[in-house]
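Summary of structural features
If you want the building blocks of each chain, they are given just below.
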Amino acid sequence: MVQLPPEVCSAIVRYAASRDLPALSCTSKAFQRAAEPRIYENMTLRDAQSVYLACYTLLGRDQSRGAYVKRLVIYQDPRRITTRNNLSNTPPQFWLLIQHALIKTVNLESLVIQDPTVSHSWILDHEDIKFQLREAALSLPWDSHLVTFLQTQHKLLSLSTDDSREDGPLYPLSPHSLPILEVYYGPILVVAELLGSPLKRLKMRADDDTVPLIPTIVSDLAKLLKTLRNLCILGLPEELLLETTHLLSNAVFAPQLRYLGVLPLPSVMREWHYLHRCLIKFPALTVLELDLTHLIPHPPDGLQRAILHDLRIYCPSLQQVVFWISQHRLHWYCRNGQWLVLHHSGRHQGQDNLWRT
């Protein structure tokens, strides 16, 4: 059988659909060598079985396949949960296998790990892990293992993490860690550790225990983060709205802020002017998200339009306004001078990504 030149195989692989690459790689050694870099470049593993097989493959043969991996996603697809195929039920040896595979992915740039038990951060704390991530979404506890790992990541641009353990301390980052980090999503306590990074887009969430800390953290942001352009606060109660917006309106980043949310609209209409007064201080603001869930009855579209036009009087730069009513998301946007609305149901503020734009 005539062997195609390597450059011809590479050209065929380049134009082949991703779903056809595994079959193509089985036709000959030449096509296998050409196809494997694309096959392993982006790996999405949806359950324990696929994770095990992928790690076994990366560690097999001459262990060269790990160098091909640029993006790795590990999570549990709820549609694939069975008694024996569930990341929640895997032993420590399973996570040790993942650690060994990560050591081989020396060119990894993007890593997503959703650990259902939020307890295996130790897999990243190994001296032989050499990759430098640009993006990381880690459903892992903020503990000494995770902090040790993050302090080695000098090229990280985007990060999301979980909170520290309930019974454990919040481990601090050393000075000058994450020197180019621009995007963060996670608990408000962790935000306090990232004030030395040049954050541009920030989404922080507060729970019942950390809600009282919102003004303190916002005050620190207001003094230090000149680079901030988008700010989303989840869990902001109405009783802290006026204090928080006052701090933001006097922040060093206020003149350049483009996105702000999710603010609870005051229940008492005569208090709206406090919010309006603060909005005047945001001349570049184009996107605003407001929570109307607590307003009874819930404002219909007509009243929402009236609220929208009221906001525009004080902040004429607004081009998009999102109203949240429980899990209903009403996205108003301006097109050719007309305000239109999109209705979305079954949405959650924590999963919305408008703050990243």
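Everything in this summary refers to the structure shown in the same document. Please read all numbers here as calculations on a predicted model, not as lab measurements.

This next bit is on the layout of surface pockets. There is about 610 Å³ of room inside the largest pocket. Lining the largest pocket we find 24 residues, and of these Gln114, Ala137, Ser160, Tyr185 and Gly350 sit closest to its centre. Among the elements of the structure, strand S3 (110-114), strand S4 (135-139), strand S5 (158-160) and strand S7 (201-205) are those that each provide at least two residues to the lining of the largest pocket. Here the lining of the largest pocket takes 5 residues from S4, the largest share from any one element. Here the lining of the largest pocket is built from residues that sort into 9 nonpolar, 9 polar and 6 charged.

Before going further, it helps to spend a moment on the packing of helix H1 (residues 6-15) against helix H3 (residues 29-39). What describes two packed helices is the angle between their axes and the distance between those same axes. Running from amino to carboxyl end, H1 crosses H3 at an angle of 40°, the nearest separation of the two axes being 9 Å. Here H1 is positioned oblique relative to H3, judged by the angle of their axes. Here the hand of the crossing between H1 and H3 comes out right-handed. From H1, Cys9, Ser10, Ile12, Val13, Arg14 and Tyr15 reach across to H3, where they touch Ala30, Phe31, Ala34, Ala35 and Arg38. When the residues that make up the contact of H1 with H3 are grouped by side-chain class, the tally is 8 nonpolar, 1 polar and 2 charged.

On inspection of all chains with the given rule, the structure shows 6 salt bridges. With its nearest N and O atoms 2.8 Å apart, the salt bridge here joins Arg329 to Asp352. One end of the pair, Arg329, is in strand S12 (residues 328-335); the other, Asp352, is in the segment after strand S13 (338-344), and 23 residues separate them in sequence. The burial state of Arg329 is the same as that of Asp352; both residues are buried.

Further remarks concern a nonpolar patch on the surface. Together, Leu4, Val8 and Ile12 make up an exposed nonpolar region whose accessible area comes to about 200 Å². Topologically, Ile12 is positioned in helix H1. The class of Ile12 is partly exposed, set by a relative accessible area of 36%.

Within this structure, the stated rule accounts for 4 aromatic pairs. Here the aromatic rings of Phe131 and Phe149 are separated by 6.0 Å at their centres, their planes lie at 70°, and the arrangement is edge-to-face. Of this pair, Phe131 sits in the loop between S3 and S4 while Phe149 is found in helix H6 (residues 144-150), placing the two residues 18 residues apart along the sequence. What makes Phe149 buried here is its relative accessible area of 3%. Looking at Lys203, its charged tip hangs above the ring of Tyr185, at a distance of 5.0 Å from the centre. Of note, Arg205 hangs over the ring of Tyr185, and the distance from its end group to the ring centre comes to 5.4 Å.

Interhelical geometry of helix H10 (residues 272-279) versus helix H11 (residues 301-314) gives an angle of 45° and a closest axis separation of 8 Å. Comparing their axes, H11 and H10 come out oblique. Crossing angle aside, the handedness with which H10 passes H11 is right-handed. Taken together, the residues of H11 that come into contact with H10 (itself represented by Trp272, His276 and Leu279) are Ile307, Asp310, Leu311 and Tyr314. Per-class residue counts for the contact of H10 with H11 are 5 nonpolar, 1 polar and 1 charged.

It is worth spelling out empty space enclosed by the protein at this point. By rolling a water-sized probe across the atoms, one finds the places where empty space is left. As enumerated under the stated definition, the model contains 1 cavity of 30 Å³ or more in all. Its volume calculated, the largest cavity comes out at about 30 Å³. Here the residues of the lining of the largest cavity are counted per class, giving 5 nonpolar, 1 polar and 3 charged.

Below, the discussion takes up the environment of Lys200. Looking at where Lys200 falls in the secondary structure, it is placed in the loop between helix H7 (188-191) and S7. Judged by its relative accessible area of 33%, Lys200 falls in the partly exposed class. It is 8.7 Å that separates the C-alpha atoms of Lys200 and Tyr184, two residues lying 16 residues apart in sequence. With near-sequence residues (within four places) excluded, Lys200 lies in contact with Glu182, Thr227, Leu228, Arg229 and Asn230.

It is worth spelling out the environment of Leu275 at this point. With respect to the secondary-structure elements, Leu275 resides in helix H10. Remark: the alpha-carbon pair of Leu275 and Gln351, spanning 76 residues in sequence, is separated by 26 Å.

Ile214, Pro215, Ile217, Val218, Ser219, Leu221 and Ala222 are the residues of helix H8 (residues 214-224) that are buried. Its buried side turned inward, H8 meets H7, S7, strand S8 (230-234) and helix H9 (241-249).

Reading the values: the criteria
- Residues numbered from 1 in each chain as written.
- Predicted model: local features only at pLDDT ≥ 70, side-chain atom pairs only at ≥ 80, totals over all residues.
- Heavy atoms only, no water.
- 1 Å grid on protein atoms, 1.4 Å probe; cavity = no way out; pocket = protein on both sides within 12 Å on 5 of 7 lines; lining within 4 Å.
- Points joined across faces, edges and corners; volume = space filled by probe spheres on them.
- Helix = DSSP H or I, 4+ residues; strand = E, 2+ residues; numbered from the N terminus.
- Nonpolar A, V, L, I, M, F, W, Y, C, P; charged D, E, K, R; others polar.
- Axes fitted to C-alpha atoms, helices over the stretch in contact; angles between N-to-C directions.
- Parallel < 35°, antiparallel > 145°, perpendicular 65-115°, else oblique.
- Left-handed = near helix turned anticlockwise from the far one by under 90°.
- Contact = heavy atoms within 4.5 Å.
- Salt bridge = Lys/Arg side-chain N within 4 Å of Asp/Glu carboxyl O.
- Buried < 20%, exposed > 50% of the residue type's maximum accessible area, 1.4 Å probe, protein only.
- Patch = residues over 30% accessible without salt bridge, like charges linked within 9 Å, V, L, I, M, F, W, Y side chains within 5 Å.
- Areas by Shrake-Rupley, 256 points an atom, 1.4 Å probe, with all protein chains shown as cover.
- Phe/Tyr/Trp six-rings, centres within 6.5 Å; stacked < 30°, edge-to-face > 60°.
- Lys NZ or Arg CZ within 6 Å of the ring centre and 35° of its normal.

Purely geometric stuff here, so don't read any function into it on its own.
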